[in-house]
Amino acid sequence: MELPITYKNTMMNLLGEEYDLYEACLSLPMFHGIRINTMKISVEDFLKINPFHLTKVPWCDNGFYFDEKIDKPSKHPYYFAGLYYIQEPSAMTPASVLPIEEGDRVLDICAAPGGKSTELAAKLNKSGLLVSNDVSASRAKALLKNLEVFGTINSLILSEQPHKLAERFPMYFDKILIDAPCSGEGMFRKSNSMITAWENNGNELFANLQRSILSEVVKMLAPGGMLLYSTCTFSPLENEKSIEYLLSLDDSLSLCDFNKFVNFDNGHPEWGDTNNKELSKAARLWPHKINGEGHFVCLVKKAGESHSYLKKGNYNIKRTKLNNDILDFFKKIKRNFDTSRFELSGDKLYYIPEEFPEVSGLRILRCGLYLGECKKNRFEPSQSLAMALTKDDFDNIVDLSYEDQRVIKYLKGETIEAEGKNGFCLVCVDSYPLGWGKLNNGTLKNKYLSGWRLM
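What counts, and where the lines are drawn
Residues numbered from 1 in each chain as written. Predicted model: local features only at pLDDT ≥ 70, side-chain atom pairs only at ≥ 80, totals over all residues. Heavy atoms only, no water. Core = buried A, V, L, I, M, F, W, Y, C linked by side-chain atoms within 4.5 Å. Buried < 20%, exposed > 50% of the residue type's maximum accessible area, 1.4 Å probe, protein only. Contact = heavy atoms within 4.5 Å. Helix = DSSP H or I, 4+ residues; strand = E, 2+ residues; numbered from the N terminus. Phe/Tyr/Trp six-rings, centres within 6.5 Å; stacked < 30°, edge-to-face > 60°. Pairing = 2+ DSSP bridges. Axes fitted to C-alpha atoms, helices over the stretch in contact; angles between N-to-C directions. Salt bridge = Lys/Arg side-chain N within 4 Å of Asp/Glu carboxyl O. Parallel < 35°, antiparallel > 145°, perpendicular 65-115°, else oblique. Left-handed = near helix turned anticlockwise from the far one by under 90°. Right-handed = clockwise from strand over helix to strand, strands pointing away.

Caption draft 1: Region of interest: the nonpolar core. Judged by nonpolar contacts, the single largest core of 42 residues is most densely connected at Ile109, Ile176, Ile178, Met220, Leu227 and Ile243. Setting aside chain neighbours within four positions, we find isoleucine 243 in contact with Tyr229, Leu255, Leu279, Phe296 and Cys298. Residues Ala121, Leu124, Phe150 and Met226 belong to the second largest nonpolar core, which totals 35 residues.

Shown next as structure tokens:
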């Protein structure tokens, strides 16, 4: 790997005697990981059915390494069931450090493609509110899919500029995650194109972008709330100095300690402009010290008392009389949906949780849980509804082993043979939902969402 001369000189100054170790590690293969979706399955239960060769990621309770030469978790039925997310091990750190509590209002401001949002959703465990935002509408589509695969029901997925959110949500969120756009120096081992991008853009472009985001996000943090700032770069300009900028915006902010893996480095006050000793509370993950590509993580708290008593949402549900097709379908579901929170928008039906805020005027990709579509004389349940259910929630299921060839055929959109009563059925793999099918005398018409199919 040929590193730019200016980058090499900077890293030599930062790392000193460790630079040779850093440069040598870049010639080694990058590390790959999966993070278990604890909203659907515990780590212990996943390990009982685990089909891969896994080793533990020491800084993430539900993170594991896999060997891409041996295992292909992106092709396994458990991936399509939302039992795990494929994520670089260093990148697991930010969402694991941010101390989410059930019932929190949480913002992931730069959320696509969804690795961190899916973990925030799992920690919320279908409670509270998760607002996942990305300014790129195309990237936000991947975010939407990943949150739906995970079975998230309490998310508001947006594609908005930070200043628009700040206008709408002043001092609103209990927890905020900013995995900031950055120069990507921790991605050099992944792709040579990242080196080319670094040469074209450098650090200043991203440092300015980070400050523009921080200046808006700080307005949205509630008293007593916590903010997690992270990047996958090593530049002090984008890390320690960005935190100094954040602290300059609000005197009520202070840095927090958190549990660090033994091989994590501290933040470096001497690399900032103010030599603020508190910067040592941040963490630097170097690829020559850990089995990962590298990250910077800093946890910040705002002084004051939480206003959790204000958490009831003010979303104005459009009341619509539900037809018998909808009501009859939901009688088959054993989970207790409050039908007064159903909203029909055109022919599409949504479920709006109680915590939802007013969202008119925002660029919305998804508001609550998409339940399905009302068609002539029938209701077609959605893929997202299937992923939000469990095997025990529906009165008609087809449960297949992951080794059953019918699972792959189903994921490819093919018709399969199956036993069960006629009508809609929830197709599962080893008791975990994959999607819908419609049985007719032993033949299952495939209802798996076409855009999600195994290629």
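Caption draft 2: Looking closely at unusual backbone geometry. A cis geometry characterises the amide bond from alanine 112 onward to proline 113, with omega recorded as 5°. Along the chain, proline 113 falls in the loop between β5 (105-108) and α6 (115-124). Its identity is not glycine, yet methionine 171 carries a phi of approximately 45°, on the positive side. Take methionine 171: it is sitting in the loop between α8 (162-168) and β8 (173-179).

Caption draft 3: Focus on the packing of aromatic side chains. Tallying each qualifying case throughout the model produces 36 aromatic pairs. Aromatic pair tyrosine 85 and phenylalanine 150: ring centres 6.4 Å apart, planes at 75°, arrangement edge-to-face. Of this pair, tyrosine 85 sits in strand β4 (residues 84-86) while phenylalanine 150 sits in the loop between α7 (137-149) and β7 (155-158), and the two are 65 residues apart along the sequence. Across the pair, phenylalanine 150 and tyrosine 85 agree in class, each one buried. Residues phenylalanine 330 and phenylalanine 337 carry aromatic rings whose centres are separated by 5.7 Å and whose planes lie at 80° to one another, so their mutual orientation is edge-to-face. Neither residue differs from the other here; phenylalanine 330 and phenylalanine 337 are each classed as buried. Counting every residue linked through ring pairs, the aromatic cluster contains Phe329, Phe330, Phe337, Phe342, Tyr351, Phe379, Phe394, Phe424 and Trp436.

Caption draft 4: Region of the structure containing the sheet that holds strand β20 (residues 416-417). Read across the open sheet, the five strands follow the order β19-β21-β22-β23-β20; overall the sheet is mixed. The sheet is open, and its two borders are formed by β19 (397-400) and β20, each paired with just one other strand. Sheet analysis places β20 next to strand β23 (residues 443-446), joined by two bridges and oriented antiparallel. Within β23, the position partnered with isoleucine 416 by the bridge is leucine 444.

Caption draft 5: Seen up close, the side chain of serine 382. Relative to the elements of secondary structure, serine 382 occurs in the loop between β18 (378-381) and α13 (383-388). Judged by relative accessible area, serine 382 falls into the buried class, the value being 5%. Sequence-distant contacts of serine 382, defined by excluding residues within four places in its chain, comprise Tyr370, Leu371, Gly372 and Trp436.

Caption draft 6: Looking closely at the pairing of strand β1 (residues 32-36). Of all five residues in β1, four are buried; the element is thus mostly enclosed. The pairing of β1 with β4 spans three bridges and is classified as antiparallel. Looking at β4, one finds that arginine 35 is bridged to tyrosine 85.

Caption draft 7: A look at the sheet that holds strand β2 (residues 54-56). Taken together, the four strands give an open sheet; going across it, the order is β2-β3-β1-β4, and neighbouring strands pair in antiparallel fashion. Edge strands, defined here as strands with exactly one partner in the open sheet, are β2 and β4. Between one strand and the next, the sheet's axes are offset by a mean angle of 35°, whatever the strand orientation. Each of β1 and β4 touches α6; the most contacted strand, β1, lies at about 25° to it.

Caption draft 8: Seen up close, the pattern of salt bridges. What the rule picks out here adds up to 24 salt bridges. Across the salt bridge formed by glutamate 148 and arginine 366, the nearest N and O atoms sit 3.0 Å from each other. Placement of glutamate 148 in helix α7 and of arginine 366 in strand β16 (residues 364-367) is noted, with a sequence separation of 218 residues between them. Take glutamate 148: its relative accessible area is 11%, and that puts it in the buried class.

Caption draft 9: A look at the packing of α6 against α7. Packing of α6 against α7 brings their axes to within 9 Å, and their N-to-C directions diverge by 30°. Between α6 and α7, the angle is such that the two are roughly parallel. Along this stretch, α6 crosses α7, giving a crossing that reads as right-handed. In this structure, α6 contributes Ser117, Thr118 and Ala121 to the contact, and α7 contributes Leu143, Asn146 and Leu147.

Caption draft 10: View of the pairing of β5. Burial of β5 is two-sided: the residues Arg105 and Leu107 facing one way and the residues Val106 and Asp108 facing the other way are all buried. Where β5 lies against strand β6 (residues 129-133), four bridges are found, and the strand directions are parallel. Within β6, the residue paired with leucine 107 across the bridge is valine 131. On the question of chirality, the crossover connecting β5 to the parallel β6 by way of α6 is right-handed. The sheet contact formed by β5 and β8 spans three bridges and is parallel. Directly across from aspartate 108, in β8, lies its bridge partner leucine 177.

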